[in-house]
Amino acid sequence: MKALSLEQVCDLLGRSDIPGSAKELEKLCIRIHELVKANGEDWVIENRQKLLSEWDFIIQHGVIS
């Protein structure tokens with residue numbers, strides 16, 4: 001599955017300083033793409049703060065290896 005670009009993800013999430021390694025950010029792009037396909041861009045935008053909080057937790061706790 002082709003993911004959104006990091007630039008597109010940053011635009012959807014309204015934040016350009018998303019933490020993570022290149023591998024982690026690639027997985028974020030895939031996940032956001034999946035959420036856009038399932039729920040639409042408006043849903044991602046409406047839930048961006050929750051998604052960013054969850055992402056910060058994932059990065060801080062090393063959930064993605």
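Residues numbered from 1 in each chain as written. Predicted model: local features only at pLDDT ≥ 70, side-chain atom pairs only at ≥ 80, totals over all residues. Heavy atoms only, no water.

**Student:** Help me understand helix α4 (residues 48–60), please; the structure alone is not making it clear to me.
**Tutor:** Think of an α-helix as turning once every 3.6 residues; residues three or four places apart then point the same way. Under the 1.5 Å per step criterion, the end-to-end length of α4 is 18 Å for 13 residues, consistent within 8% with the ideal 18 Å. Buried-residue contacts for α4 involve α1 (6–13), α2 (22–39) and α3 (41–46). Taken from the residues just after α4, G62 is the one with a positive phi, measuring 60°. (Helix = DSSP H or I, 4+ residues; strand = E, 2+ residues; numbered from the N terminus. Expected span 1.5 Å × (residues − 1). Contact = heavy atoms within 4.5 Å.)

**Student:** Would you mind showing me how to read the pattern of salt bridges here?
**Tutor:** Where charged atoms from two side chains of opposite charge approach closely, those side chains can pair. Tallied over the entire structure, the rule returns four salt bridges. The closest approach of N and O atoms between R15 and D17, which form a salt bridge, is 3.0 Å. With a relative accessible area of 53%, D17 lands in the exposed category. In this structure, E54 engages K50 in a salt bridge whose closest nitrogen and oxygen atoms are separated by 3.4 Å. (Salt bridge = Lys/Arg side-chain N within 4 Å of Asp/Glu carboxyl O. Buried < 20%, exposed > 50% of the residue type's maximum accessible area, 1.4 Å probe, protein only.)

**Student:** Even after reading the chapter, I still don't get α1, so can you show me in this structure?
**Tutor:** Along α1, the positions that sit buried rather than exposed are V9, C10, L12 and L13. The arc that holds every buried residue of α1, seen down its axis, measures 165°, which confines them to one face. Exposed and facing more than 90 degrees away from the buried side of α1 are E7 and D11. For α1, the elements touching its buried residues are α2, α3 and α4. Once α1 finishes, G14 follows within two positions and takes phi at roughly 70°, a positive value. (Arc of directions from axis to C-beta.)

**Student:** Just checking my understanding: could you explain the packing of α2 against α4 for this structure?
**Tutor:** Relative orientation and spacing of two packed helices are given, respectively, by the angle between their axes and the distance between those axes. Remark: α2 packs on α4, axes separated minimally by 12 Å, with the N-to-C direction vectors making an angle of 150°. Compared by their axis directions, α2 and α4 come out roughly antiparallel. In the packing of α2 onto α4, the handedness of the crossing is right-handed. Across the interface between the two elements, E24, L25, L28, I32 and L35 from α2 touch L51, W55 and I59 from α4. Classifying every residue of the contact of α2 with α4 by side-chain character gives seven nonpolar, no polar and one charged. (Axes fitted to C-alpha atoms, helices over the stretch in contact; angles between N-to-C directions. Parallel < 35°, antiparallel > 145°, perpendicular 65-115°, else oblique. Left-handed = near helix turned anticlockwise from the far one by under 90°. Nonpolar A, V, L, I, M, F, W, Y, C, P; charged D, E, K, R; others polar.)

**Student:** How should I be thinking about the state of the cysteines in this particular structure?
**Tutor:** Where two cysteines share a covalent bond between their sulfur atoms, that bond is called a disulfide. If you walk through the whole model with that rule in mind, you get zero disulfides. The structure places no disulfide on C10, whose sulfur is separated from the nearest cysteine sulfur, that of C29, by 7.5 Å. With a relative accessible area of 14%, C10 lands in the buried category. (Disulfide = S-S within 2.5 Å.)

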